[in-house]
Amino acid sequence: MSHSDQIPRIPLHIRAADLGTEIFLVDDRLNRINTAIGEMHTEVVSGLYKIRFRSGGTMQDHLIEVPTELPPGQREVLVQGPPLQFASAMPLVNTRTSHEYQQRAWPRASLPPDMRIGSGAFLFVLARDPEKLLGKATSHRPWNGLSLHSTDDTVPALGLDFSEAPYRDEDPGVATAHLEVNPGTYLLRVDTGLWGIHEMAVHASAGWQTQIFLSSSSSKRTCYSNQKNLAEPPRTRTARRVDLNSAAVLMVRPGNSVDPSHPQWRLTELARQGLAQNRETVRAEDLRDMLWAKFDNPMLGLFGATLMLRSGKSGGFLQEVVGNLSALLPDHPDVAALRLAVGIQVRPDNDSQQAFPLPPMLLENWKRLIQSSIDARGLIPADSPSSAIGGNYYSEGPWLVWRRSAEVARAFKSYPPATEAIQVPQLTGNVRAIVNKAVDFMSVRLGDGGERRLGGLVKAIAPELGNQPTKTRADGHSLQSLFNEIAQRFDLHSMSEMDLADKLTPTQFALVRELQASAKVPPDERGAWLVRNLGIPEASLVQTAHKLLSTQPRHGTTRKK
């Protein structure tokens, strides 16, 4: 028996204030010896230890001394962690950027809607400025530049400008709007004043109220007053707008009362921040209980399932989670993306995949769809809003946020309204129809004319098979020819990037840039490489390449320096 085996070990129980708080245990030599979420049970030898609690971007350290033996009647060393005040767009109690004045606006979500534009689903938006709580002199109003739109931009009542929000209180710097709408996908839009118009998708599910919380932040941009003469000194512009990347989202049953101090909202927000920071912040057992036993906030399930899928350690439990979410939110695009990722059928009698002409809300699900589109060309249809977003998206958080360009606007304008796109269209063939026709055929004995009947079967099922996803890598040779021609015609070594940016759409310009960077990528892998780097489905990439070749570049043009 070694000497270390004879040293008594003392039970140590560490309990955080929130289930979503991360716990790190470090010994006196700064070696990390254990990690946990929410609660930790372990055994250690006597000595000094540091315990670090982390919630969102806030950390707090505690030093403890574990004795050589416990007092009589004491079975463990118990350490209770404090509630950490992390930053959040949600006006939660005990957070760093919240105050009771702004928290009072949140319960308006449980009142009747301010406006009824449709029926069956609800949207509640709360925008606020944390600087109002810090005593800073600011003329900013958090609803500046903020609006809500239908996906096709043709429903006048949904061009909701928050400068005319039904409820606004300039003293605490908060505005809210509560709408009843038809189920479907809508666009939350912010005119940033410096970086163009930013958008994100917000899905309103039947029988649920989707709550979106937005917080203002400042940004700066150095620009030239004369873009054609860069010799003139630049000037710095500043704008303060709500930030879509840091938006917090909840889903609750309509009419339910809200409590800004409820621990479930804190857990949901910590799960969102963990997703943005690539950290797992929800224990599997906690997620199971909340999804199955008393689940009343599906966003926590979406965050948790996405985190589990990313970690690759979910096993069969992930399918259970996604199955429960499918029962709660059958038409939510993020749930559809998760179903596709774990191989769950839409219905037991239909194993077909789904199309995503409109994007999901979460960036992680979007990236997974883009990767899947390498082998399933119709997953993201060409000329759809999703395909146009590919070359324009940017994100610093968990949400898919994109810049609204002319090509994005055209794609949304030509797409059906959200109320007509609730049922996600099917891509692959109708398997039941194929089977039924095959059974009908097999019931006829092959005799004289058997070949004719076999040909008839092939013709009968051909329409159902016609939309099967195809392997786009089979087009590798033609893709490589397109890319080679583009690289020759749009050479960044002989052409100014600013000239190209003026001439090309953002997606076309991004394709030219990435083609220059992909010189060392094997030809048969270049298509997949571009899809991953650009975030554009391959079918749309081919279409962009063809359009790009019809563009006449201006050679030899340079700008003054």
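Everything below is about the structure shown above.
Treat the numbers as computed from the prediction; the structure is a model and nothing was measured.

Engineer: Looking at this structure, how should I read the overall build of the protein?
Structural biologist: From N to C terminus, the protein includes 17 helices and 20 strands. By the burial criterion, 49% of the 561 residues in the protein qualify as buried. Considering only contacts in the protein between residues 6 or more positions apart, those separated by 24 or more positions represent 69%. On the protein, roughly 26600 Å² of surface is accessible, and the fraction owed to carbon and sulfur atoms is 49%.

Engineer: Would you mind going over the pattern of salt bridges with me for this structure?
Structural biologist: Any two side chains of opposite charge can pair, on the condition that their charged atoms come close. Enumeration over the complete set of coordinates arrives at twelve salt bridges. The salt bridge partner of D61 is K50, with a shortest N-O separation of 4.0 Å. Highlighted residues: D61 in strand β6 (residues 58-66) and K50 in strand β5 (residues 47-55), separated in sequence by eleven residues. Residue classification places D61 among the partly exposed positions, given a relative accessible area of 37%.

Engineer: Honestly, the packing of helix α15 (residues 506-517) against helix α17 (residues 538-549) in this entry has me stumped. Any pointers?
Structural biologist: Two quantities define a packed helix pair, namely the angle between the axes and the distance from one axis to the other. In the contact formed by α15 and α17, the axes pass within 10 Å of each other and the chain directions differ by 95°. Relative to α17, the element α15 is oriented roughly perpendicular. Residue-level contacts link T507, Q508, L511 and V512 of α15 to L541, T544, A545, K547 and L548 of α17. Taken together, the residues of the contact of α15 with α17 break down into five nonpolar, three polar and one charged.

Engineer: Sorry, what's going on with the sheet that holds strand β2 (residues 22-27) here?
Structural biologist: Taken in spatial order, the four strands make up an open sheet running β3-β2-β5-β6, and their pairing is antiparallel. In this open sheet, the two edge strands, each paired with only one partner strand, are β3 (32-37) and β6. Within the sheet, the average angular offset between the axes of one strand and its neighbour, ignoring direction, is 20°. Inspection of the sheet shows β2 paired to β3 by five bridges, in the antiparallel sense. Bridge assignment links V26 to a residue of β3, and that residue is R32.

Engineer: Explanation requested: the packing of aromatic side chains in the structure shown.
Structural biologist: What characterises a pair of aromatic rings is the spacing of the ring centres plus the angle enclosed by the ring planes. Tallying each qualifying case throughout the model produces three aromatic pairs. Each ring, one from W402 and one from F412, has its centre 6.2 Å from the other, and the planes form 15°; the classification is stacked. With W402 in strand β20 (residues 401-403) and F412 in helix α10 (residues 406-413), this pair connects stretches of sequence that are ten residues apart. Among the residues examined, W402 registers a relative accessible area of 0% and is labelled buried. Residue F412 is classed as buried on the basis of its relative accessible area of 1%. Directly above the ring of W208 sits R253, whose terminal nitrogen or CZ lies 3.6 Å from the centroid.

Engineer: What am I meant to see in the nonpolar core here?
Structural biologist: The nonpolar side chains of a soluble globular protein tend to be buried, and buried together. Of all hydrophobic cores here, the largest spans 47 residues; its most connected members are L123, L188, I212, L214 and W399. Looking at which element gives the most residues to this core, the answer is helix α5 (residues 298-311), with seven residues. With near-sequence residues (within four places) excluded, W399 lies in contact with M200, L244, N245, A247, V249, R272, M299, F303, M361, L362 and L363.

Engineer: Can you help me understand the packing of α15 against helix α16 (residues 526-534) in this one?
Structural biologist: Taken N-terminus to C-terminus, the directions of α15 and α16 make an angle of 125°; their axes are 11 Å apart at the nearest point. Between α15 and α16, the angle falls in the class oblique. Considering the relative orientation of α15 and α16, their crossing is right-handed. Here α15 contributes A510, L511, E514, L515 and A517 to the contact with α16, which in turn contributes R526, W529, L530, N533 and L534. Of the residues belonging to the contact of α15 with α16, the class tally is seven nonpolar, one polar and two charged.

Engineer: Looking at this structure, how should I read the environment of Y415?
Structural biologist: Positionally, Y415 belongs in the loop between α10 and α11 (431-442). Placed 57 residues apart in sequence, Y415 and L358 show a C-alpha to C-alpha distance of 9.1 Å.

Engineer: Would you take a moment to explain the sheet that holds strand β1 (residues 10-15) for this structure?
Structural biologist: One key point about sheets: their strands pair by backbone hydrogen bonds, in either a parallel or an antiparallel sense. Ordered in space as β4-β1-β7, the three strands form an open sheet in which the pairing is mixed. Edge positions in the open sheet fall to β4 (39-44) and β7 (77-80), since each of these has one partner strand only. Taking each pair of neighbouring strands and ignoring which way they run, the sheet shows an average axis angle of 15°. Taken together, the six bridges between β1 and β4 define a ladder with antiparallel strand orientation. Looking across to β4, one finds that L12 is bridged to T42.

Engineer: Honestly, α10 in this entry has me stumped. Any pointers?
Structural biologist: Think of an α-helix as 3.6 residues a turn; residues three or four steps apart then line up on the same face. Where α10 is concerned, the buried positions are E407, V408, A411 and F412. Each buried residue of α10 lies within a common arc of 135° when the element is viewed along its axis, so the set occupies one face. When the buried face of α10 is taken as reference, the exposed residues oriented beyond 90 degrees from it are A406, R410 and K413. Those residues of α10 hidden inside the fold are in contact with β14 (184-191), β15 (197-204), α9 (385-389), β20 and α15.

Engineer: Which parts of the structure should I look at to understand unusual backbone geometry?
Structural biologist: Glycine aside, a negative phi is what most residues show, and trans is what most peptide bonds show. The backbone of L30 sits at a positive phi, close to 65°, despite the residue not being glycine. Topologically, L30 is positioned in the loop between β2 and β3. Taking relative accessible area as the criterion, L30 reaches 67% and is therefore assigned exposed. At N94, a position not held by glycine, the phi torsion is positive, near 60°. Structurally, the position occupied by N94 is in the loop between β7 and α2 (100-103).

How each quantity is defined
- Residues numbered from 1 in each chain as written.
- Predicted model: local features only at pLDDT ≥ 70, side-chain atom pairs only at ≥ 80, totals over all residues.
- Heavy atoms only, no water.
- Helix = DSSP H or I, 4+ residues; strand = E, 2+ residues; numbered from the N terminus.
- Buried < 20%, exposed > 50% of the residue type's maximum accessible area, 1.4 Å probe, protein only.
- Contact = heavy atoms within 4.5 Å.
- Areas by Shrake-Rupley, 256 points an atom, 1.4 Å probe, with all protein chains shown as cover.
- Salt bridge = Lys/Arg side-chain N within 4 Å of Asp/Glu carboxyl O.
- Axes fitted to C-alpha atoms, helices over the stretch in contact; angles between N-to-C directions.
- Parallel < 35°, antiparallel > 145°, perpendicular 65-115°, else oblique.
- Nonpolar A, V, L, I, M, F, W, Y, C, P; charged D, E, K, R; others polar.
- Pairing = 2+ DSSP bridges.
- Phe/Tyr/Trp six-rings, centres within 6.5 Å; stacked < 30°, edge-to-face > 60°.
- Lys NZ or Arg CZ within 6 Å of the ring centre and 35° of its normal.
- Core = buried A, V, L, I, M, F, W, Y, C linked by side-chain atoms within 4.5 Å.
- Left-handed = near helix turned anticlockwise from the far one by under 90°.
- Arc of directions from axis to C-beta.

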